[in-house]
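# Coordinate inspection notes
Listed below, chain by chain, are the residues.
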Amino acid sequence: MTLLEVRDLTKHFPITKWGRNVGAVRAVDGVSFTVPRGRTVGLVGESGSGKSTTARLVLRLLRPTSGGLRFDGTDLIAKGPRELKPLRRRMQIVFQDPFAALNPRMRIVDAVGEPLEVHGLATGRRKRNRVGELLEHVGLPPGDMDKYPHQFSGGQAQRIGIARALATGPDLIVCDEAVSAVDVSVQAQVLNLLKRLQRELGLAYLFIAHDLNVVRYVSDEICVMYLGEIVERGEAETVFSAPAHPYTEALLAAVPSPDPAKARSHARVIAPGDPPSPRRPPPGCRFHTRCPHAFDRCRTERPVLQEVSPGHHAACHLRDPLGGSPRGREEAS
Ligand code: ADP
Ligand code: MG
């Protein structure tokens, strides 16, 4: 059953000069996907592709320029702050830097218990009890609640961030690069914790990362983003075993080895050249400036997502049975 439905979501940040509108950063440009209850959808793409903006739109921390957003059947776009509050309980986020998300002067009991107070769920003794349970849930001793953030390692702090996200009993947790900052040796532990919590609590995740290995490990389905658009979407194993978009192929080729120390490097070369600016995305296919298979049509006509096999979609003219260039198709096969 669908928990989150994102339809044609768009966010353009205006660029102003001398108080006048001179353009827009097209951070998210017509993105559609769904997150089923209890499942994990991965969102992967290079830095700047619009993943965090998508996360903030989904949580309604940002107002979309246009598009539709439904959570458990409720239209989120139409809701004002007061109507959103009860829904916020059910959607939480875990950020990349666990220490930045924790107030250094706040004890863990207050940090993890804060959402309980904000939503009027527990205070005092009951809050302490609930925080103790939450810490146990994420593999920390309940006694840790009286400590301060600096007394924890990065991995432990991320567990605290997860406990805080769990406090209100959410149905959906958005993990925005949630393990990108923790030590490689700890990454798998945190990912396994997220998987266990999903099984135990029936959580759905929108799992965002630039690292394809990490996304693959946790996701049922994967959306690949490039310059504000989803260029490929499908079951995780299908996308990995039979990528249908040249950008996904480039991402896969850039995952150097199972050695996580290398896979984590941010400096990997994904495709020739840097991604163009979302202020002036290339016409036609946004990837054509870096695509080894680009032909004339790619430079002028924007490809739309098309089903290439059941449940597997790609936005690439090479995959279009009517319009792919024969040369391009040869090269792609
Ligand atoms: P990602 O998380 O994939 O790295 P982001 O969603 O953070 O990408 O950013 C997408 C694009 O939108 C980037 O070019 C970024 O500079 C731009 N952007 C993000 N937030 C803002 C903002 N508040 N104002 C203007 N541009 C923004
Ligand atoms: Mg980001």
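Structure report, in brief.

Reading the values: rules and limits
Residues numbered from 1 in each chain as written. Chains lettered and ligands numbered in written order. Predicted model: local features only at pLDDT ≥ 70, side-chain atom pairs only at ≥ 80, totals over all residues. Heavy atoms only, no water. Axes fitted to C-alpha atoms, helices over the stretch in contact; angles between N-to-C directions. Helix = DSSP H or I, 4+ residues; strand = E, 2+ residues; numbered from the N terminus. Contact = heavy atoms within 4.5 Å. Nonpolar A, V, L, I, M, F, W, Y, C, P; charged D, E, K, R; others polar. Pairing = 2+ DSSP bridges. Phe/Tyr/Trp six-rings, centres within 6.5 Å; stacked < 30°, edge-to-face > 60°. Lys NZ or Arg CZ within 6 Å of the ring centre and 35° of its normal. Buried < 20%, exposed > 50% of the residue type's maximum accessible area, 1.4 Å probe, protein only. Lys, Arg positive; Asp, Glu negative; His and termini not counted. Salt bridge = Lys/Arg side-chain N within 4 Å of Asp/Glu carboxyl O. Core = buried A, V, L, I, M, F, W, Y, C linked by side-chain atoms within 4.5 Å. 1 Å grid on protein atoms, 1.4 Å probe; cavity = no way out; pocket = protein on both sides within 12 Å on 5 of 7 lines; lining within 4 Å. Points joined across faces, edges and corners; volume = space filled by probe spheres on them. Expected span 1.5 Å × (residues − 1). Arc of directions from axis to C-beta.

### Here's the deal with the packing of helix 3 (residues 108-118) against helix 5 (residues 154-166)
Here helix 3 crosses helix 5 at 35°, and the two axes come no closer than 7 Å. Residues Ile108, Ala111, Val112, Glu114 and Pro115 of helix 3 form the contact with helix 5, whose own contacting residues are Ile160, Ala163 and Arg164. Residue composition of the contact of helix 3 with helix 5, by class: six nonpolar, no polar and two charged.

### A word on the sheet that holds strand 4 (residues 66-71)
Strands in a sheet are paired, the pairing made by backbone hydrogen bonds, and the direction either parallel or antiparallel. Across the sheet, which stays open at both edges, the four strands sit in the order 2-1-4-5 with antiparallel pairing between neighbours. A single partner strand is all that each edge strand has here, and the edge strands are strand 2 (20-36) and strand 5 (74-75). Sheet analysis places strand 4 next to strand 5, joined by two bridges and oriented antiparallel. Along strand 5, the bridge assignment pairs Phe71 with Thr74.

### Observations concerning the packing of aromatic side chains
What the rule picks out here adds up to three aromatic pairs. By way of ring pairs, the aromatic residues Tyr226, Tyr247 and Phe287 are connected into one cluster. If you follow Lys195 out to its NZ or CZ, it ends over the ring of Tyr217, 4.1 Å from the centre.

### A few points about the environment of Glu235
Of note, Glu235 is situated in strand 10 (residues 229-235). With 16 residues separating them along the chain, Glu235 and Ser219 place their C-alpha atoms 8.4 Å apart.

### Regarding the side chain of Asp176
Relative to the elements of secondary structure, Asp176 occurs in strand 7 (residues 172-176). There is no salt bridge for the buried Asp176, and the closest opposite charge comes from Lys51, which lies 6.6 Å off by N-O distance. In contact with Asp176, other than residues within four places in its own chain, are Ser52, Ala55, Ile93, Val94, Phe95, Gln96 and Ile208.

### Observations concerning the nonpolar core
As a rule of thumb, soluble globular proteins bury nonpolar side chains together. Membership of the largest hydrophobic core comes to 60 residues, with the highest contact counts inside it found for Ile162 and Phe207. Once residues lying within four places of it in the same chain are set aside, the contact partners of Phe207 are Thr40, Val41, Gly42, Leu43, Cys175, Leu191, Leu194, Val214, Val215 and Val218. Core analysis: the second largest hydrophobic core is formed by 30 residues, Leu9, Phe71, Ala204 and Cys223 among them.

### Looking at the sheet that holds strand 3 (residues 40-44)
Spatial strand order, 6-7-8-3-9-10-12-11: eight strands in an open sheet with mixed pairing. Each edge of the open sheet is held by one strand with a lone partner, namely strand 6 (91-94) and strand 11 (306-309). Looking at each pair of strands side by side, their axes are set apart by 20° on average, direction ignored. Lying over the sheet, helix 9 (residues 246-254) contacts strand 3, strand 9 (221-226) and strand 10, oriented at roughly 100° with respect to strand 9.

### Concerning empty space enclosed by the protein
Per the counting criterion, the structure on display carries two cavities of 30 Å³ or more. One number sums up the size of the largest cavity: a volume of about 90 Å³. Surrounding the largest cavity, 15 residues form its lining, Cys285, Cys291, Cys298, Cys316 and His317 being those nearest its centre.

### Section: helix 6 (residues 184-201)
With 18 residues, helix 6 extends 26 Å between its outermost C-alpha atoms, agreeing within 8% with the 26 Å of an ideal straight helix rising 1.5 Å per residue. For helix 6, the set of buried residues is Val186, Gln187, Val190, Leu191, Leu193, Leu194, Leu197 and Gln198. Along the long axis of helix 6, the arc covered by the buried residues comes to 155°, so they all point the same way. Away from the buried face of helix 6 by more than 90 degrees, exposed residues Ser185 and Arg199 are located. Structurally, helix 6 contributes buried residues whose contacts are with strand 3, helix 4 (124-137), helix 5, strand 7, strand 8 (204-209) and helix 7 (212-218). Positive backbone phi, at 65°, marks Gly202, one or two positions downstream of helix 6.

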